[in-house]
Each structure stands twice: as C-alpha cells, then as structure tokens.
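What follows is each chain in one-letter form.
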Amino acid sequence: MTTLAPETPLTISTSRAPLSSGHLPRWAPWALLGVSLLIAAAPFGLSAAASGSEFNIAGSLIVGALLYLVIIYVTSRIVEGSRKALDRFVTGIVTSAFLIAMVPLVSVGWTVISNGIARIDPLFFNSSMRGVLGEGGGALHAIIGTLMVTLAATVISVPIGLMTAVYLIEYGQGTRMSRIITFLVDVMTGIPSIVAGLFAYAVFALIFGPGVRMGIMGSVALSVLMIPVVVRSTEEMLRLVPNDLREASYALGVPKWLTIVKVVLPTSIAGITTGIMLAVSRVIGETAPLLLTAGFTDAMNYNLFSGRMQTLPVFTYSQYAYQGIPAEAYVDRAWDSALTLIVIVMVLNLVARFVARVFAPKTGR
C-alpha cells in the first residue's frame, strides 16, 4: 500500500510586499498624487503671496495632474515594469478626462444653486409679475406656462415619434420609404432650435396673420425638436426586443398589429419612457423658439390657444436682459427661475427612472 504523506499546511504571509516585489502598495498612487499636488501648489502659492492676488486653484490642479502622470509612470516603470506603467498612465489619463468633464457640470450646478437659493420663498411660487416693478413678484405664470407648453409638445410628439419608429422597425425595414424617413429624422436631429421657432411662427402667421403669439405655437416649435429624439430612442428600444417573442406570438395566430401592441411595446416600454423623458428634458430649456412663438408676458395665461404665454427660459432671459431698479431683484429672479427649471428637469428624470424600473420586464429565476 502507498502511504500518503501528510499535507503541508498552507501559510499566508501577512507582511506588506516591499517595493522590490514588483508591485506598488495600494497607498502609493494616492501618496504620489498628494505629493504632486503639493509640488504644483508651491509656485502658485508663492506667486499669489508675492503679488497679493488669489491662489490659482485651477492652475495648480492642472499642473499637479500632469506632474502626477509623469511621476506615476516613471515610478511604476521602475518597480513594476513597462506594461503596468503604461496601464497606470492610461488609467490616469482616463480619470483626468472624467474629472475635467465633471468640472462644467459641478460648476454650473454650484453657481445656479448658490445664486438661486437667495430668492427661494413662497412668494416666488404663488405670484406672477403682473403690476410688479422692482422687488417682489414671482414666476408662477412662467412655471405654469412651461408645464403647459411642454405637456402639449409631448402630446404632439410622442404619438408621431412612436408610430414612426414602429413603422421603421416593424413594417418598413429595407424599403425606400423607410430610408427617406430615416434621412429626414437625421436631418431634423441637427436642426437649430431657432429654425424650429421660425417654422412654427411661419405656419401660424400664414393662418392668423403676422405678429401672432400663442402658447400652442411654442408647443409646435418644441415638438419639431422632440420628434427626432423620440423616434431615435424608440427605434433603438424596439430593436432590442428579441425576434423570438414576435415569432412566438405569430405562431399562436396573433396578428402583427396586436403583437406590436401586446408584446413588443410592453417589452420596451421602460426604455421608450426614458427616451421620452430625455426628449422633454432636451426641449424644456429652449429659449429662442419660445421667444418667437409664445412671447413673454407678466400675467397668468391658462389658455394655450389665446394670447402670449410666459415660460421659465424666457422669464430667465427677460429678467436678466431687461433689468430695472433695483437690478439685484431682477438678477435674483433670473437665478431663481433657472434653479427652478433645473429642479423640474431633475424631477422629470427621476420620474423616468421610476417608470423604467416599474415597467421593466420581469426576469424569471
């Protein structure tokens, strides 16, 4: 019989790996980043102290990031080799690019919140600017106008965009008509917003005469911008629906139109809803087309088909561009309306995420 030798117990060393092991410790990149920022901040700090100016934070961060890329590459190449050094260098570039992309977003958000929070009060949300000169007043008429104009644009755009996408995916694949529609949608995607406003104004001016301004005109202008976004997003979602689901429905004798209504659309409803909310967020802040079509007013208007209608983007523009006395009151209202518009867009995106989660297809275990 063969005697088995007793197994040798496996021992794990808990000591930290030295630099000579060919791998940098986990804390090393952070330490090198801190050293790089300190080295970069030194000349900027000395220059600011000598001239009495403010410390250049942006310059020191940029120089520190560039210095870090050089230091981490050289250090890693010495300790870990060229392949790992190149990996750390590219990782540093990608991370730096992400942080640079986040700077405008954080800067805009911080600027709007810090300036707009000053006039957040009940008066701003429950009153209009009718008869108000100087301080006081609110943006209730602009908030109501924005919601009504955007809602009407959504009602116009969603059925047209949804049915166009259904035709392109379910009925018109490979046909000449589908290629023409796809080309026109691509052209409409890049159309300037002012052109959409001019189109809506020209259509209504031919019917009602020059100088007409109505809320529904703004809705038509925004729908021109929304439709291609809805078509593109819906088209992509319908492509993701497996053909096996369609074929299974056809095998049961279900007509094609009922398969689309009962199988295809419910399967992709989460993505379609997200695309619609993205289209709404894309147009709700447009100013140029609404200046041409809906105009601006200081009074409440609940009728889309009669008279001028104020919206938040136009209200922000008019308050900042046509300042009265005191100018601070007009600037504060402009910042506050901009913050309100951002909050509305954020709420719409949260609603889209909630709807997408609720209506997403349930996966089995």
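Right above here is the structure, for reference.
Residues numbered from 1 in each chain as written. Predicted model: local features only at pLDDT ≥ 70, side-chain atom pairs only at ≥ 80, totals over all residues. Heavy atoms only, no water.

A. Highlighting the overall build of the protein chain. Across its full length, the protein chain holds 13 helices and zero strands. Sequence-ordered secondary structure for the protein chain, helices as α and strands as β, is α-α-α-α-α-α-α-α-α-α-α-α-α. Compactness check: the protein chain gives a C-alpha radius of gyration of 29 Å against a globular reference of 21 Å for 365 residues, more than 25% above the reference. Summarising its shape, the C-alpha atoms of the protein chain cover approximately 95 × 80 × 40 Å along the three principal directions. For the protein chain, buried positions account for 37% of its 365 residues. (Helix = DSSP H or I, 4+ residues; strand = E, 2+ residues; numbered from the N terminus. Rg over C-alpha atoms; globule rule 2.2 N^0.38 Å. Buried < 20%, exposed > 50% of the residue type's maximum accessible area, 1.4 Å probe, protein only.)

B. Broad picture of the pattern of salt bridges. Tallying each qualifying case throughout the model produces eight salt bridges. Among the salt bridges present, the one from Glu80 reaches Arg88, with a minimum N-O distance of 2.8 Å. The burial state of Glu80 is the same as that of Arg88; both residues are buried. A salt bridge links Arg232 to Asp186, with the shortest nitrogen-to-oxygen separation between them at 2.3 Å. Here the residue Arg232 occupies a position in helix α8 (residues 215–239), and Asp186 occupies one in helix α6 (residues 176–189), the gap between them amounting to 46 residues. A relative accessible area of 42% means that Asp186 is categorised as partly exposed. In this structure, a network of salt bridges that share partners links the residues Asp186, Arg232, Glu235, Glu236 and Arg239. (Salt bridge = Lys/Arg side-chain N within 4 Å of Asp/Glu carboxyl O.)

C. Representation of the packing of helix α5 (residues 140–171) against α6 within the structure. Look at α5 against α6: their axes get within 10 Å of each other, and the N-to-C directions meet at 135°. In terms of their interaxial angle, α5 and α6 are classed as oblique. Of the two possible hands of crossing, α5 and α6 adopt the one that is left-handed. Each of Thr164, Tyr167 and Leu168 in α5 lies in contact with α6, whose residues at this interface are Met177, Ser178, Ile181 and Thr182. Residue classes in the contact of α5 with α6 are distributed as four nonpolar, three polar and no charged. (Axes fitted to C-alpha atoms, helices over the stretch in contact; angles between N-to-C directions. Parallel < 35°, antiparallel > 145°, perpendicular 65-115°, else oblique. Left-handed = near helix turned anticlockwise from the far one by under 90°. Contact = heavy atoms within 4.5 Å. Nonpolar A, V, L, I, M, F, W, Y, C, P; charged D, E, K, R; others polar.)

D. Highlighting the environment of Ile344. Here Ile344 lies in helix α13 (residues 327–359). In the structure, Ile344 is positioned 201 residues away from Ile143 in sequence and 9.4 Å away in space, judged by C-alpha atoms.

E. Representation of α8. For α8, built from 25 residues, the straight-helix expectation of 36 Å at 1.5 Å per residue is met to within 8% by its first-to-last C-alpha distance of 36 Å. The sharpest bend along α8 reaches about 30° and sits at Leu225, with the proline Pro228 one to four residues further on. Across the 25 residues of α8, 19 count as buried, placing the element largely inside the fold. (Expected span 1.5 Å × (residues − 1). Bend = angle between axes of the 7 residues up to and from the residue.)

F. Layout of the environment of Ala352. Within the secondary structure, Ala352 is located in helix α13. Along the sequence, Ala352 and Gly271 sit 81 residues apart, while their C-alpha atoms lie 9.2 Å from each other. For Ala352, the contacting residues outside a window of four places in its chain are Thr274 and Met277.

G. Quick peek at the packing of α5 against helix α12 (residues 312–321). With their axes 8 Å apart at the nearest point, α5 and α12 run at an angle of 145° to one another. Between α5 and α12, the residues in contact are His141, Ala142, Ile143 and Thr146 and Leu312, Pro313 and Phe315, respectively. The residue inventory of the contact of α5 with α12, partitioned by class, reads five nonpolar, two polar and no charged.

H. Region of the structure containing the packing of aromatic side chains. Overall, the coordinates contain four aromatic pairs when judged by the stated rule. On the basis of an interplanar angle of 10° and a centroid distance of 6.1 Å, the ring pair of Phe204 and Phe208 is categorised as stacked. Here Phe208 and Phe204 lie together in helix α7 (residues 193–208), a separation of four residues that amounts to about one turn. Arranged with centres 6.2 Å apart and planes meeting at 85°, the rings of Tyr317 and Tyr322 form a pair that is edge-to-face. For Lys256, the ring lying beneath its charged end belongs to Tyr171, and the centroid distance is 4.7 Å. Here the guanidinium or amino end of Arg333 rests over the ring plane of Tyr330, the centre of that ring lying 4.6 Å away. (Phe/Tyr/Trp six-rings, centres within 6.5 Å; stacked < 30°, edge-to-face > 60°. Lys NZ or Arg CZ within 6 Å of the ring centre and 35° of its normal.)

I. Region of the structure containing the side chain of Ser128. Relative to the assigned elements, Ser128 resides in the loop between α4 (122–126) and α5. Residue classification places Ser128 among the buried residues on the basis of a relative accessible area of 18%. Not counting residues within four places of it along the chain, the set of residues in contact with Ser128 comprises Gly137, Gly138, His141, Asp298 and Met300.

J. Region of the structure containing the environment of Leu339. Following the sequence through the fold, Leu339 ends up in helix α13. The exposure class of Leu339 is buried, given its relative accessible area of 10%. Sequence-wise, Leu339 and Gln319 are 20 residues apart; in three dimensions their C-alpha atoms are separated by 14 Å. Every residue in contact with Leu339, bar those within four places of it in the chain, is listed here: Val112, Ile113, Gly116, Ile117 and Ile120.

By themselves these figures say nothing about function.
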